[in-house]
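This is what each chain is made of:
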Amino acid sequence: MKDKTIDYALRATWQAVAKMYNEEASKFESTMATGFALLSIDPDEGTPSTSLGPRMGMEATSLSRTLKSMEEKGLIVRKPNPEDGRGVLIYLTDFGKEKRAVSKDVVVTFNETIKERVSENQLKSFFEVTEIINDLISSKKIFDQKEVITN
């Protein structure tokens, strides 16, 4: 434990989670990105395409590729936004809703499994720590507050 850095633990854990989700998604001829997109699209109201990227933490080009693939597979349809003529709403098809349910089951199973093995206090601490890290990063209090030493 003494040699591990916080960023290493975060990165290694996220890589393991992403690999696990991608392996599970491949059983359904899908990817983690597709599953995440399915879960990020409102199944009843649709979702503006412009809000998906920030919601998913994806760059526009990656999101465009994911949405194009989802459209080709018949998971989503794009329709003009009636409230904003320049915008597009993304809707799940019936097939997309079926795949969304599968994705939701996978995420619920992961969360339930972790909650069975981690105490409520440990989980609370985990979320508190991740919130602090995110706040420090978003408020630029890590590097902008200190002089970076270069050799």
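Further up the page is the structure itself.
Quantities reported herein were computed from a predicted structural model and do not represent experimental measurements.

Cut-offs applied
Residues numbered from 1 in each chain as written. Predicted model: local features only at pLDDT ≥ 70, side-chain atom pairs only at ≥ 80, totals over all residues. Heavy atoms only, no water. Pairing = 2+ DSSP bridges. Helix = DSSP H or I, 4+ residues; strand = E, 2+ residues; numbered from the N terminus. Buried < 20%, exposed > 50% of the residue type's maximum accessible area, 1.4 Å probe, protein only. Contact = heavy atoms within 4.5 Å. Expected span 1.5 Å × (residues − 1).

J.: Quick question: what am I supposed to make of the sheet that holds strand β1 (residues 47-48) here?
T.: Read across the sheet, three strands follow the order β1-β3-β2 without closing on themselves; strand pairing throughout is antiparallel. Each of the sheet's edge strands pairs with one partner strand only, and the pair in question is β1 and β2 (76-81).

J.: Help me out: how do you make sense of the environment of Lys79 in this one?
T.: Topologically, Lys79 is positioned in strand β2. Classification of Lys79 by relative accessible area gives partly exposed; the value is 43%. Separated by 27 residues in the primary sequence, Lys79 and Leu52 have C-alpha atoms spaced 15 Å apart. Leaving out residues up to four positions away in the same chain, Lys79 has contacts with Gly87, Val88, Leu89 and Tyr91.

J.: Help me understand helix α6 (residues 120-138), please; the structure alone is not making it clear to me.
T.: Given 3.6 residues per turn, any residue in an α-helix points the same way as the ones three and four places further on. With 19 residues, α6 extends 27 Å between its outermost C-alpha atoms, agreeing within 8% with the 27 Å of an ideal straight helix rising 1.5 Å per residue. Two residues or fewer after α6 comes Lys140, characterised by a positive phi angle close to 55°.

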